[in-house]
Amino acid sequence: MPQLGRRHFDVIVVGAGPGGSLTAMQLARRGRKVAILDRTHFPRFAVGESSTPIASRTIEQISIDFGIDELAPLTRWGKWRESLAPMTGGLKRGFTYYDHRPGSGSDTPGNWPAEPATRLLVAASASDADGDSHWVRAEVDQYLLEICRRHGVDVRLGVTLEQLSPQSPWHIGVRQDSVDGVTETLTCDTLVDASGRAGAILRRLGYRDTTDSMLTKTAARFTHIMNTTVCDDSDPGTLPYQANNAAVHHLLHDGWVWELPMSDGRSSVGRVWQGPGTTDNPVAALPTMTDNLAGNLDVMSYPHLRDWLRSARLADSPGHWRQAPRIQHRWGGGREMSLSFLALPTTFATIDPLHSTGLAHAITGAQRIVDLIVREAVSDVARYGHQVDGEIELLDRVISLAYRGWARCDLFFDACMLYFALAIGDEEDRISGGFAPARSTWRATDPHVQSALTGAEAILMDALRSDRPVERTAFRRELAKICSVPLACRDDNLYAYTFG
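For the structure given in this document, a descriptive report is provided here. (Residues numbered from 1 in each chain as written. Predicted model: local features only at pLDDT ≥ 70, side-chain atom pairs only at ≥ 80, totals over all residues. Heavy atoms only, no water.)

**Quick look at the nonpolar core**
- Counting residues in hydrophobic clusters, the biggest one holds 139 residues, and the most contacted among them are I12, L71, L74 and F420.
- When residues of this core are assigned to their parent elements, the largest contribution, 14 residues, is made by helix 10 (residues 409-433).
- Leave out the neighbours within four places in its chain, and I12 touches A35, L37, I172, L186, T187, C188, T190, L191 and V192.
- Counting residues in each nonpolar core, the second largest holds 25 residues, with A123, I225, V257 and L293 among its members. (Core = buried A, V, L, I, M, F, W, Y, C linked by side-chain atoms within 4.5 Å. Buried < 20%, exposed > 50% of the residue type's maximum accessible area, 1.4 Å probe, protein only. Helix = DSSP H or I, 4+ residues; strand = E, 2+ residues; numbered from the N terminus. Contact = heavy atoms within 4.5 Å.)

**Comments concerning the pattern of salt bridges**
- Within the structure shown, the criterion is met by 32 salt bridges.
- The salt bridge involving R310 is made with D307; its shortest N-O contact spans 2.8 Å.
- Assessed through its relative accessible area of 56%, R310 is described here as exposed.
- Residue R330 is joined to D389 by a salt bridge in which the shortest nitrogen-to-oxygen separation is 3.8 Å. One end of the pair, R330, is in strand 18 (residues 329-332); the other, D389, is in helix 9 (residues 381-404), with 59 residues separating them in the sequence.
- The exposure class assigned to R330 is buried, which follows from its relative accessible area of 15%.
- Among the residues examined, D389 registers a relative accessible area of 40% and is labelled partly exposed. (Salt bridge = Lys/Arg side-chain N within 4 Å of Asp/Glu carboxyl O.)

**With respect to helix 4 (residues 137-150)**
- Taking 1.5 Å as the rise per residue, helix 4 with 14 residues should run 20 Å; its terminal C-alpha atoms sit 20 Å apart, in good agreement.
- Check the buried side of helix 4 and you find it contacts helix 1 (18-29), strand 2 (34-38), helix 3 (77-83), strand 6 (132-135) and strand 7 (154-157).
- A positive backbone phi angle near 95° is found at G152, which sits one or two residues after helix 4. (Expected span 1.5 Å × (residues − 1).)

**A look at the pairing of strand 3 (residues 89-92)**
- Residue alternation in strand 3 divides its side chains into two sets, G89 and L91 and G90 and K92, and both sets are buried.
- Summarising the sheet, strand 3 and strand 6 pair through 4 bridges and their orientation is antiparallel. Paired with L91 across the bridge in strand 6 is S133. (Pairing = 2+ DSSP bridges.)

**Re the packing of aromatic side chains**
- Summed over the entire model, instances satisfying the criterion amount to 14 aromatic pairs.
- Summarising the aromatic geometry, the rings of Y207 and F341 are spaced 6.5 Å apart at their centres and angled 55° between planes, so their arrangement reads as tilted. On the criterion of sequence distance, the pair formed by Y207 in the loop between strand 10 (183-193) and strand 11 (208-209) and F341 in strand 19 (residues 341-343) is long-range, its members being 134 residues apart. Neither Y207 nor F341 differs from the other in exposure class; each is buried.
- Measuring from centroid to centroid gives 5.5 Å for Y403 and W406, while their planes differ by 35°, and the two rings are tilted. There is no split in this pair, since Y403 and W406 are both buried.
- Following the ring pairs from residue to residue traces out a cluster consisting of Y97, Y403, W406, F412 and F413.
- Here R30 stacks its cationic end above the ring of F66, 4.1 Å away from the centre of that ring.
- The ring centre of F9 lies 5.4 Å from the NZ or CZ of K33, which sits over that ring. (Phe/Tyr/Trp six-rings, centres within 6.5 Å; stacked < 30°, edge-to-face > 60°. Lys NZ or Arg CZ within 6 Å of the ring centre and 35° of its normal.)

**Comments concerning unusual backbone geometry**
- Of note, the amide linkage connecting F42 to P43 takes the cis form, showing an omega dihedral of 0°.
- In this fold, P43 is placed in the loop between strand 2 and helix 2 (53-66).
- Here the bond from S317 into P318 is cis, since omega is 5°, no more than 30 degrees from zero.
- For P318, the position within the fold is in the loop between strand 16 (313-314) and strand 17 (322-324).

**Examining the packing of helix 9 against helix 11 (residues 447-466)**
- Look at helix 9 against helix 11: their axes get within 11 Å of each other, and the N-to-C directions meet at 15°. Between helix 9 and helix 11, the angle falls in the class roughly parallel. The two elements helix 9 and helix 11 meet at a crossing, and its hand is left-handed. Taken together, the residues of helix 11 that come into contact with helix 9 (itself represented by L394, R397, V398, L401 and R404) are L453, T454, E457, L460, M461 and L464.
- Looking at side-chain class alone, the contact of helix 9 with helix 11 contains 7 nonpolar, 1 polar and 3 charged residues. (Axes fitted to C-alpha atoms, helices over the stretch in contact; angles between N-to-C directions. Parallel < 35°, antiparallel > 145°, perpendicular 65-115°, else oblique. Left-handed = near helix turned anticlockwise from the far one by under 90°. Nonpolar A, V, L, I, M, F, W, Y, C, P; charged D, E, K, R; others polar.)

**Considerations on the environment of V122**
- Tracing the backbone shows V122 in strand 5 (residues 119-123).
- When the C-alpha positions of V122 and A246 are compared, they lie 9.3 Å apart, and in sequence the two are 124 residues distant.

Structure follows, in structure tokens:
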């Protein structure tokens, strides 16, 4: 097979999603010679289009610290509308939950449920201008790659990794699909795996699939659709934000449907099923694909949701449904990380879309990896690995806890508020202290946080086992150990502004 000459880079990043692109552009801004490789061509469809305050504030910090002005519009909806108007996005003021499960009184067409027991709204910003955003990943990923190119990153798409020789420096045999039959050897001092669940480098370094060890077990089907019916709330004047300007969750008897409305009439939608299982047999078999949107989302027995979809159709992109028989993935074992080999947290594991954690996890991981490389902090690599393990275990624990209480809407809402306490506590630290390499995301390795999490979990499980409401005073006390915002004391389930 024909060979091209070798090219050397300080760092090669494998995977051109947001985490990989942000890693590459930061390193390039610090004078490193960087290449980013991806097996696909862009623009490409990808799910996971919902930012959060942790993600937005981390991007803002990166923009300031590294002088990457092009990132600033991604951090606030007002800035997006001013600077990125041609790019499709959506306003995200927070998290909205509606209970549609049998017996909840919300299974008839009309306005969305308004009873406090069947609705939860948690605002993450004080205004539309300061809001987070939904991302059409095909467009944002392309935008991030353009920033990489402008800052000197060698961007290579449609690349297949043919071989990998784990020596110093790394030798990577690659083949670009635009050049048939020709391989090229790239060398680098540091290799970063940002390839997500594919584990493009992890698999080659002896990591094994440990997904079955995870507590969370869910499946999903998803796509983009157009022209959903805009449904109203019966009491909009009482709400902390327009309920549809959020990551909207429709809770069902065996899972939930997400809706992320975009500015062009498009919506990212998906259906999550939960249940026991393994990677070979994750949950009950997914329903057969049909031409009916309500059938593919498995909501035919929910008249209100059928009405929401009555005039909807598939969007041109992707133009079909995607699905994951098991959402979760986790890689374990294998070669220990070092300054010559690092991986993003989202390469090691995917948890679940329930709390929109993926984007924040990738971006905060990119920030820490860049810090390790720039400082040449050999002694801090083990700490980063410990942080990543702790973050994965915390998310798996908190998300699976929400699913364990699924049969009772009140317990599910309380489990959600436990997660929001963790997220807000992290945000409080970022606002007051800026970037701190020793701080894990969600403060997952902080013993005080772990202790409060254990206490809150015990209270929730006791309420589940005894079939009683949560002991509110005790639960509030545990959440107060995690963050300063009062999150367990509103009878109306409407949280006007969770963090300032």
